[in-house]
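Structural description and commentary
What follows is each chain in one-letter form.
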Amino acid sequence: FIDGDDKDAVDQLNKQLMQTEITQPAVLATDLSLTRLLAAYGVRPDMVMGHSLGEYAALVAAGSLSFASALEAVSARGHEMAALTMEDNGAMAAVFAPIAEIDRVVAAADGYVVVANVNSFSQAVIGGTTAAVTSVIDTFTQGGFTAVRIPVSHAFHTSIVAPVSAPLMDTLSRMDLRAPELPIVANVDGEFYPTGAAADAGMVDILGRQVASPVQFVHGLETLYD
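What you see is a predicted model; the values in this text were computed from it and never measured. (Residues numbered from 1 in each chain as written. Predicted model: local features only at pLDDT ≥ 70, side-chain atom pairs only at ≥ 80, totals over all residues. Heavy atoms only, no water.)

Digging into the overall build of the chain
Counting its secondary structure elements, the chain contains nine helices and seven strands. For 226 residues, the compact-globule estimate of 2.2 N^0.38 gives 17 Å, and the chain sits close to it at 18 Å. Along the first, second and third principal axes, the C-alpha atoms of the chain reach 50 × 50 × 35 Å. A buried classification covers 43% of the 226 residues belonging to the chain. Element-wise, carbon and sulfur atoms account for 58% of the exposed surface of the chain, whose accessible area totals about 11300 Å². The centroid of the 10 positive side-chain charges in the chain is displaced by 3 Å from the centroid of its 26 negative side-chain charges. (Helix = DSSP H or I, 4+ residues; strand = E, 2+ residues; numbered from the N terminus. Rg over C-alpha atoms; globule rule 2.2 N^0.38 Å. Buried < 20%, exposed > 50% of the residue type's maximum accessible area, 1.4 Å probe, protein only. Areas by Shrake-Rupley, 256 points an atom, 1.4 Å probe, with all protein chains shown as cover. Lys, Arg positive; Asp, Glu negative; His and termini not counted. Charge placed at Lys NZ, Arg CZ, Asp CG, Glu CD.)

Things to note about unusual backbone geometry
In the Ramachandran plot, Ser52 falls in the positive-phi region, its phi being about 60 degrees despite a non-glycine side chain. Secondary-structure assignment places Ser52 in the loop between strand 1 (48–49) and helix 3 (54–61). Here Ser52 falls in the buried class, since its relative accessible area comes to 15%. The phi dihedral of His157 is positive, around 60 degrees, even though this residue is not glycine.

A look at the pairing of strand 3 (residues 113–120)
With six of its eight residues buried, strand 3 lies for the most part within the structure. Across six bridges, strand 3 lies against strand 4 (residues 123–128) in antiparallel orientation. The partner of Val114 across the bridge, within strand 4, is Gly127. Between strand 3 and strand 4, which follow one another and run antiparallel, lie two residues. Bridge count between strand 3 and strand 7 (residues 215–216): two bridges; the pairing is parallel. When the bridges of strand 7 are listed, Val118 appears paired with Gln216. (Pairing = 2+ DSSP bridges.)

Observations concerning the nonpolar core
By size, the foremost hydrophobic cluster in this structure holds 38 residues, and its most contacted members are Leu28, Tyr56, Leu59, Leu65, Leu172, Ile184 and Tyr193. If you list the elements that add at least two residues to this core, you get helix 2 (20–40), helix 3, helix 4 (67–82), helix 7 (165–173) and helix 8 (199–210). Each residue touching Ile184, except ones within four places of it in the same chain, is listed here: Val48, Glu55, Ala58, Leu59, Ala62, Glu191, Phe192 and Tyr193. Ranked by size, the runner-up nonpolar core spans 20 residues in total, among them Ala93, Ala124, Ala132 and Ile137. (Core = buried A, V, L, I, M, F, W, Y, C linked by side-chain atoms within 4.5 Å. Contact = heavy atoms within 4.5 Å.)

Some words on the environment of Val105
Relative to the helices and strands, Val105 resides in helix 5 (residues 99–107). On the basis of relative accessible area, Val105 is assigned to the buried category, the value being 8%.

Here is the structure:
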């Protein structure tokens, strides 16, 4: 909605887009725009899974949330994260190495750092305190692996953002969460969401835990494949 030739304006809005309270609803809208575009060409899912924030788009695609409710939920998620006041918001980095090696280096690191996203057998994202993540990046680089800092506002899927869980669950409890019409895989354990009468409470719990839990994307893909 700005003049694309105005470099200063573009730079300013790009910086705003990296602020999590703006990033999250923007990503949700983009996810669902792509989903609807595919549907317009007859490409519709039999099963769904999202990655981190993408799980909310997957819930919409699965019929568990309306777009309006999902937008309200991710806006609350983003605002709660942005409102976290701490000396260190933490840092994240993408690491390209065998998962076993990533686990080994992270386990041996000084300070708080965890594997936050298990994305493939040879790539993961780590998160934790800024000092610990910076040190681990150096360790991987010295070992001949690629490790790149990710420009995010907080260390997502770590205990640093755990305080967001309770207020997020309060918001989700007011949403029109419904049992999924399509099978949907959760990030927290890579298994299918619950179905039936008890699905609503179980879904709120899953999404509450998802904020500070590692994204088990590899196991989720295996679940879908099986």
